[in-house]
Structures are given as C-alpha cells and as structure tokens.
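What follows is the residue order along each chain.
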Amino acid sequence: MRVPRVLHCLPLLAACALGAAAQAPTASPNPRLAALKAEAMRDIDSRAQFTQQFVDQVFSFGELGFQEFETSKYIVNILKTNGFTVREGVAGIPTAWVATWGSGRPVIALGSDLDGIPQASQIPGVACHLPLVPGGPGHGEGHNSGQAVNITAALAIKKIMERDHIKGTLKIWPGVAEEQLGSKAFLVRDGVFKDVDVVLFSHVGDNLQTGWGASQGSGLVSVLYSFEGQAAHAAGAPWRGRSALDAVELMDVGWNFRREHLRLQTRSHYVIRNGGDQPNVVPPTASVWYFFRELDYPKIRELWAIGDSIANGAAMMTGTKLASERVLGSAWPGHFNRPIAEDMTENIKMIGLPKWTAADQQFARAIQKEVKGDTTGLDTVVAKLEGDVPDSLNMGGGSDDIGDISWNAPTIVLLYPSNVPHLPGHHWSDAIAMATPIAHKGATAGAKAQALTMLDILLTPALVDSAWSYFRNVQTKTVKYQPLIRPEDRPATELNTEILAKYRPEMKKFYFDPKKYPTYLQQLGIAYPTLRKADGSCAATPNTLQ
C-alpha cells in the first residue's frame, strides 16, 4: 500500500498550536552526540555494499504478502549472524518474526514492509516495460529496500552501543502482507509493541522526509463476503439452482448505487475472488473481497455495517445464504509523533539528499516519460517536515496498517529516496529503479536518518519523555485505539499461495547471487541506464540463470 508522499498538509497548520509539552526538547548541542553521529554516518557509508546487496537480494525474490519465505529466511539469517535473538512465526504468521538485541530502555522498534505487487515483475535498470517473469509478481512499490535501511542503521548503532556500553534494546520486525493490510494489527494483538518506547518505521519514497500528526489518507477494514447457493444444470434445470454469483453481483450493484449517498471522503473497491467454475453449472459458491476506507474508526465501522446490510440483502434477493464474513486485514488511520518527527527532520537536514549523477537523472526522466508523468527527474532539495492534516482537509486516500501501531506507541514514518517521483504506484514502473544506484543511494541516506535519530533516542531521555507526552496528552487524549480485527479473526496466511506456486519456479532462476556478482544489474547483464532505442523499441535480454 502506497504511503502518501507524506501527510500532505498546509504549512500554516504545521506551525500552529500544540503546547510546549508536546515539542521536541531543544537542548544545547552535545559534543559527544555530535561525534557519535558523525561516526555512525561514516560507518553506514562503509556498509554501502552490504546495503546495496541487501536491496538487490530482496528485489530478486519478488514475493507477495504472506509468502515472503525467501525474504524472511534471508533477513533472519543476517540478524542471527549479527547477534540478534529472533522469534519466528509471530502472531501465527509463518513469515513474521521479531529480532531483539540489547537490554533495558529505551526500546526502539524498527519496522518496514516486505511484500511485492502482483503482475509487477520488471527487469531493473530498463526504462520501459519488460517483465523479468511475464505475469509474475515483483517489487512494484519498493518494499525490497526498507529492511536494508533499518538493519544497516541498527548494525551501525549496535557497534557504538557495545563499545560505549549504552543501555537500550533494538527490536526489528517486518510488515508482512502490507498490501493486504494483513499483519500489523495482529502483531499489536500479539503484544509486539507493548514494551516499546519509540517506533521508527521506514517506507520507500522519493525524498528524505517525515511528518507528524494525522496523515493524508484513510483507514480501512478488509472483508471477504462468501455466499452459498445451490448447484444445478444452468440450461437443463436452472430453476433448481440458486446462484451465489448472482448474490455477489447484486451486492456489487447495490454497493455502487449506494456510493452516491456516501461521504466524499469514502473510498471503496472490490474484486470477485470466486465467481463459479464453469458457465453450465449454477455457481453454488462465490465470494467478493471489499476494502472499506474512511477517516476514523467510527466511520469505518459505519461503512462496514452498510456493506453487511447490502450483502444480506443480496442473499435475500437470490435465495442464497451469506455463508461467512471474514476480516482479512485492517488499518487504522495513521497519527505520527511530533517530537520524534521534528528530531528526525533536524537529522535529515544534516544528511541531505544523495548526489544524483547525470545517468540517475536521465534514467528517472525516462521512466517518468514512459508513464506519461511529470518529467522533472529526481528531487534535489530535501522536502519539508509535514504537519497535521485536519479532517476538514483530508479527502482520503491510501492506507497503511502502520496506523494501528501508531496508536499503540509513539511512531513516525521515514520516507527515503529510493524511487522516482510521479509514478502511478502499485505498478511495474515503480519496480524499475528498485535495484539500481537510485535505490542503493536512497537506502543509505535512509539508514543515516534512522541511525542518527536512534542515537538521539538512546542518549536524550527528554526526547522519549516528550514523545510520550505528545502521545498521551495530544494524540490519544480523546481517541483510544480499538482494533478493527475481531477476537475470532486470524491472519489470512493462505493468500497468494497459488500465485507464488505458479511463478516461483521461474522466479528462482533469477535470484541474485552476490557471491558471483557484485550487483543484480551485473548478474542480469543490464547496462545502467538502459533506455528505449531510437526506433522506440524496448529491448534488453537478461542472462538466463539456469
């Protein structure tokens, strides 16, 4: 799920209200802290190849939600090798894990997503549509880069903590099946964040930026409605059948008529997951999967209730039964911590954006042109801190289940510049840059922002106190978290199994082998950047790795 560019907000709103107790402390410069920050940045620069190969390796796996087995195995091995204790199978999710190192407080939780997008397979470094595995999944959002950001930062800070005997606990966790909004509420329910002081979440973006307050976008509940009818010969005795597919179609028609009378901020979408087997058999089973999006918990519940009523009406009209209603995922609207965001923004100013080459800019503009977007290339000025978006200015949009975590511990989202601006999102074009120098440089910049902010949290107790003051006295003063998932709901870990079963054998031929090749582009035999030829053709032939 695409996180908004961050939290779009009018600058004046960012400057208004919220008392001094909610502000980040403005302590005088600390020479020791400044020296440690300079050391951490040098250390992260020295790990650039590790970061690059991490980004490339996960890109090559291209796994979808709940099927991130190769990805998780790879990451867990890195964490164990570097002294982290790892608990696997968290919250009943085979690809979820929590890695911890250190002792005492503060407890800093670093998170990022793992999963890809269906039908987003793309040869990286080629600025036109050229799937690596036709029809296969791929990293068409860029989730292959976030854990590289976090773990590079964590290893640099762990080294300092060990040497200087700095107290604190690092906790690293994955966003499994984020594209299905399928895991984070279950991690919350499992208690992963109950002892956490600050959550630093990283998400791919096209600038180096964070934000605070309510974000531009929506929360949602994800519901699968399954209907049960009666089979019959569709021509010989249709009167003896009751079509579950008719119920699905009538629900969709009913919902689309009801849309006219819903708030402008409402967004919803559906796909028919099961529409029957063949035309000459009246479908005895059928199902439809809905995302109901709104701006807060009560309105999401209201929207869900409307969906339930339409589903029941469709069953009544068709003489079928609404056999089950399964919650597959959920996401609270995000609200992010002001003191931590302000602190990170000061660190971002020190770091700045990567130095893009002429090849990087040429490549970015070629991708933008390919999707008929703004062709301004890569950003060269660090974006400003984004502030609170009031409901009156929030017209809804994308969702991310980091929202659930943000209501359980002080949380911010770091966007780092590993992708190209002005792309559609959830699209093959969003995968083109994600195993190229753009992604690698952006991940290194993001790791620095995480690391410097971690040092502030570890060595400035007043910052943690300020973060919790904002969380308790501003963010949750009148709004209390209530999960949208129900006690009986369980993670939908079977999702995407058929897709990966179909495509994984071919995808395996293209897994990155860093023992043989320094970069994934070199393994594939792709020159960077590869653009459309003068005759307009898109041509690049990757090495076949059989």
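Structure first, text after, so check above.
Let me begin by describing the structure that accompanies this report. Note that the coordinates shown come from a computational prediction; the quantities given were computed from them, not determined experimentally. (Residues numbered from 1 in each chain as written. Predicted model: local features only at pLDDT ≥ 70, side-chain atom pairs only at ≥ 80, totals over all residues. Heavy atoms only, no water.)

All right, on to unusual backbone geometry then. Backbone torsion omega between Arg 105 and Pro 106 reads 5 degrees, so that peptide bond is classified as cis. Inspection of the secondary structure assignment puts Pro 106 in the loop between β2 (97–103) and β3 (107–113). Between Tyr 528 and Pro 529 the backbone carries a cis peptide bond, its omega angle lying at -10 degrees. Its place among the elements puts Pro 529 in the segment after α15 (520–524). Positive phi, normally seen in glycine, also occurs at Leu 181, with a value near 50 degrees. On the secondary structure map, Leu 181 appears in the loop between β4 (168–175) and α6 (184–189). Here Leu 181 falls in the buried class, since its relative accessible area comes to 1%. (Helix = DSSP H or I, 4+ residues; strand = E, 2+ residues; numbered from the N terminus. Buried < 20%, exposed > 50% of the residue type's maximum accessible area, 1.4 Å probe, protein only.)

Note on placement: Asp 113 falls in strand β3. Residue class for Asp 113 comes out buried when judged on its relative accessible area of 1%. Engagement of the side chain of Asp 113 in a polar contact is seen with the side chain of Lys 184, the distance being 2.8 Å. Here Asp 113 is in contact with His 143, Gly 175, Glu 178, Lys 184, Phe 201, His 203 and Asp 400, once residues within four sequence places are set aside. (Polar contact = N/O pair within 3.5 Å; in protein donor to acceptor, adjacent residues only side chain to side chain. Contact = heavy atoms within 4.5 Å.)

In this structure the tally under the stated criterion is 1 disulfide. Note on cysteine connectivity: Cys 128 is disulfide-linked to Cys 538, with sulfurs 2.1 Å apart. One disulfide, between Cys 128 and Cys 538, carries an S-S torsion of 85 degrees and so falls in the right-handed class. Of this pair, Cys 128 sits in the loop between β3 and α5 (146–164) while Cys 538 sits in the segment after α15, placing them 410 residues apart in sequence. A relative accessible area of 1% means that Cys 128 is categorised as buried. (Disulfide = S-S within 2.5 Å.)

Time to look at the sheet that holds strand β8 (residues 267–274). A sheet is described by the order of its strands in space; here 4 strands give the open sequence β8-β9-β7-β10, paired in antiparallel fashion. Two strands bound the open sheet, and with one partner strand each, they are β8 and β10 (321–331). Put simply, the sheet's adjacent strands are angled 20 degrees from each other on average, direction ignored. In this sheet, strand β9 (residues 285–294) lies alongside β8 in antiparallel orientation, the contact comprising 7 bridges. What sits directly across from Asn 274, in β9, is Ser 287. The strands touched by helix α7 (residues 244–258) are β7 (219–228), β8 and β9; relative to β9, the strand with the most contacts, the crossing angle is about 20 degrees. (Pairing = 2+ DSSP bridges. Axes fitted to C-alpha atoms, helices over the stretch in contact; angles between N-to-C directions.)

Turning next to helix α3 (residues 48–61). End to end, α3 covers 20 Å across 14 residues, agreeing with the expected 20 Å (1.5 Å per residue, within 8%). With 11 of 14 residues buried, α3 is to be regarded as a mostly interior element. Thr 51, Gln 52, Gln 53, Phe 54, Val 55, Asp 56, Gln 57, Val 58, Phe 59, Ser 60 and Phe 61 are the residues of α3 that are buried. Contacts from the buried residues of α3 go to α4 (69–81), α5, α12 (437–459), α14 (497–508) and α15. Positive backbone phi, approximately 55 degrees, marks Gly 62, located one or two places after α3. (Expected span 1.5 Å × (residues − 1).)

Attention now moves to the pattern of salt bridges. Across all of its chains, the model carries 28 salt bridges by this definition. Glu 162 is the partner of Lys 158 in a salt bridge, and the nearest nitrogen-oxygen pair spans 3.3 Å. In this pair, Lys 158 and Glu 162 both sit in helix α5, 4 residues apart, roughly one turn of the helix. Salt-bridge contacts for Asp 489 lead to Arg 486; the nearest nitrogen and oxygen are separated by 2.9 Å. Taken as a pair, Asp 489 and Arg 486 share a single burial class, namely buried. (Salt bridge = Lys/Arg side-chain N within 4 Å of Asp/Glu carboxyl O.)

As summarised here, the arrangement of the 6 strands in space is β1-β2-β4-β3-β5-β12, forming an open sheet in which the pairing is mixed. Strands with a single pairing partner mark the edges of an open sheet, and in this sheet they are β1 (85–88) and β12 (411–417). If you compare each strand with its neighbour and ignore which way they point, the axes differ by 20 degrees on average. Helix α9 (residues 338–351) contacts β5 (198–205) and β12 of the sheet and is inclined by roughly 25 degrees relative to β12. In the packing of α12 onto the sheet, contacts are made with β3, β4, β5 and β12, and the angle to β12 comes to roughly 150 degrees.

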